[in-house]
Amino acid sequence: MIANENTATTVLVTGAAGFLGTHIASALARDHHVIGLDVKEPADLPPGAEWIACDLTGDAGTRAALTEVRKRCGGRLASAVHLAAYYDFSGEPSDMYDKLTVQGTHRLIEGLKEFERVEQVIFSSSLLVMKPAEGDSERLSEQSPTRAAWAYPQSKLAAEQVLRQEHGALPTVVLRLAGVYDDMGHSLPIGQQIHRIYEKTKESYVFPGDAENGQPFIHVDDVAACVRRTVAVRNQLDGWELLLIAEPEVMSYRELQDMIGRELHGEAWPAVRIPKAVAKAGAWAEEKLDADPFIKPWMIDLADDNYPVSIKRAQERLGWAPQHRLRAELPHILAALKRDPRHWFEVNNLPQPEELVGSGRS
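Values in this document were obtained by computation on a predicted structure and should not be read as measured data.

Quick notes on the rules
- Residues numbered from 1 in each chain as written.
- Predicted model: local features only at pLDDT ≥ 70, side-chain atom pairs only at ≥ 80, totals over all residues.
- Heavy atoms only, no water.
- Helix = DSSP H or I, 4+ residues; strand = E, 2+ residues; numbered from the N terminus.
- Phe/Tyr/Trp six-rings, centres within 6.5 Å; stacked < 30°, edge-to-face > 60°.
- Buried < 20%, exposed > 50% of the residue type's maximum accessible area, 1.4 Å probe, protein only.
- Axes fitted to C-alpha atoms, helices over the stretch in contact; angles between N-to-C directions.
- Parallel < 35°, antiparallel > 145°, perpendicular 65-115°, else oblique.
- Left-handed = near helix turned anticlockwise from the far one by under 90°.
- Contact = heavy atoms within 4.5 Å.
- Nonpolar A, V, L, I, M, F, W, Y, C, P; charged D, E, K, R; others polar.

> Report on unusual backbone geometry, specifying residues and quantitative values.
Most peptide bonds adopt trans geometry, and most residues besides glycine take a negative phi value. Even without being a glycine, lysine 200 presents a positive backbone phi close to 55 degrees. Inspection of the secondary structure puts lysine 200 in the loop between α5 (188-199) and β10 (206-207). With a phi angle near 55 degrees, asparagine 349 is a residue other than glycine that sits in the positive phi range. Mapped onto the elements of the fold, asparagine 349 is located in the segment after α12 (341-347).

> An account of the packing of aromatic side chains is requested, with residue identities and associated values reported.
The description of two aromatic rings rests on the distance between their centres and on the angle between their planes. Counted under the stated rule, the structure contains seven aromatic pairs. Look at tyrosine 86 and tyrosine 97: their rings are 4.8 Å apart centre to centre, the planes differ by 80 degrees, and that puts the pair in the edge-to-face class. Taken together, the positions of tyrosine 86 in the loop between β5 (79-82) and α3 (95-112) and tyrosine 97 in helix α3 put the pair eleven residues apart, joining distant regions of the chain. Tyrosine 86 sits in the partly exposed class, given a relative accessible area of 21%. For tyrosine 97, a relative accessible area of 6% gives the class buried. Ring centres of phenylalanine 207 and tyrosine 253 lie 3.8 Å apart, and the angle between their planes is 20 degrees; on these two criteria the pair is classed as stacked.

> Could you give me a rundown of the packing of helix α2 (residues 59-73) against α3, with the residues and numbers involved?
Packing of α2 against α3 brings their axes to within 10 Å, and their N-to-C directions diverge by 40 degrees. Regarding the angle of α2 to α3, the classification is oblique. Crossing of α2 against α3: the hand is right-handed. Touching Asp59, Thr62 and Leu66 of α2 are Arg107, Leu108, Gly111 and Leu112, all from α3. Along the lines of polarity and charge, the residues of the contact of α2 with α3 split into three nonpolar, two polar and two charged.

As far as function goes, none of this settles anything; it's purely spatial.
Now the structure itself:
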């Protein structure tokens with residue numbers, strides 16, 4: 001990118017040590033000087049990028065980190081990409097949702113207002129803040145209503161509201177992201193479904209919702225390309241933008257189930273619908289027997305959720321479209337599992353299947 005004297009060339013990335021942050025920082029480093037903020041140093045900082053320790057849950061630490069950022073960028077940022085957030089699939093309440101995701105966003109925005117120039121703020125939100133589609137023909141859009149049903153999306157929606165109320169003269173883009181995955185998986189919902197079918201657990205054969213429904217996903221490389229493009233066209237965007245970022249096709253739960261079963265075991269894998277009351281009783285029993293089961297009773301009520309989305313506005317505003325499709329990528333994810341099961345379960349932070357524990361199998 002050729003920059004003129006009126007254009008900032010530094011991009012700030014919060015949460016730079018995370019899965020998404022490392023990919024986005026690497027993509028942005030092709031065109032920009034990247035400064036990453038995180039409580040720990042990123043393992044894979046791209047060449048030329050810098051790291052500043054920052055805990056957004058505290059006022060003093062946030063101020064000190066942003067003061068150092070101002071020194072290093074001359075008070076001018078092309079964009080501040082805000083990824084840092086608290087994430088927990090337990091569904092249990094935590095004060096970290098407010099301290100980091102909501103109040104951390106407030107601290108960041110207030111600190112950025114002290115810079116000489118910030119050309120853009122990008123916030124990574126979630127499609128889970130939205131009310132699921134009703135009926136087979138509805139596709140969610142930026143105008144669709146919200147309905148954050150549990151702690152994580154509730155915190156994201158609250159942070160969106162902070163930005164809307166407080167961004168002021170800072171041009172802001174909210175990207176509501178689908179579930180992110182990569183070539184090894186790195187998606188807890190996908191990984192858990194694979195894990196159940198790999199082990200042929202009883203839970204892998206039943207489902208408490210409409211198995212024809214599903215949630216969209218997005219490859220991490222497409223997210224990184226989207227953010228890079230959002231920064232590139234920042235001077236062409238409005239002062240407030242809200243965009244849905246996902247693959248346009250949604251694989252249903254049944255499609256995922258069938259493909260995973262065929263790839264791993266050479267046969268279709270049924271998804272027999274069971275009453276939600278039965279599923280909740282089973283999940284409750286699992287909680288008593290297992291210290292940390294993935295399927296919680298509160299998840300049962302969300303099993304029917306369906307999130308087909310329209311990404312037309314993102315395509316029009318950014319000139320971006322995802323290049324990957326989960327339907328095409330899933331066989332590669334499963335091939336990686338079959339090549340080295342022990343490694344695959346380890347990198348996806350999943351428990352080793354019983355057959356691998358102490359077996360020495362690779």
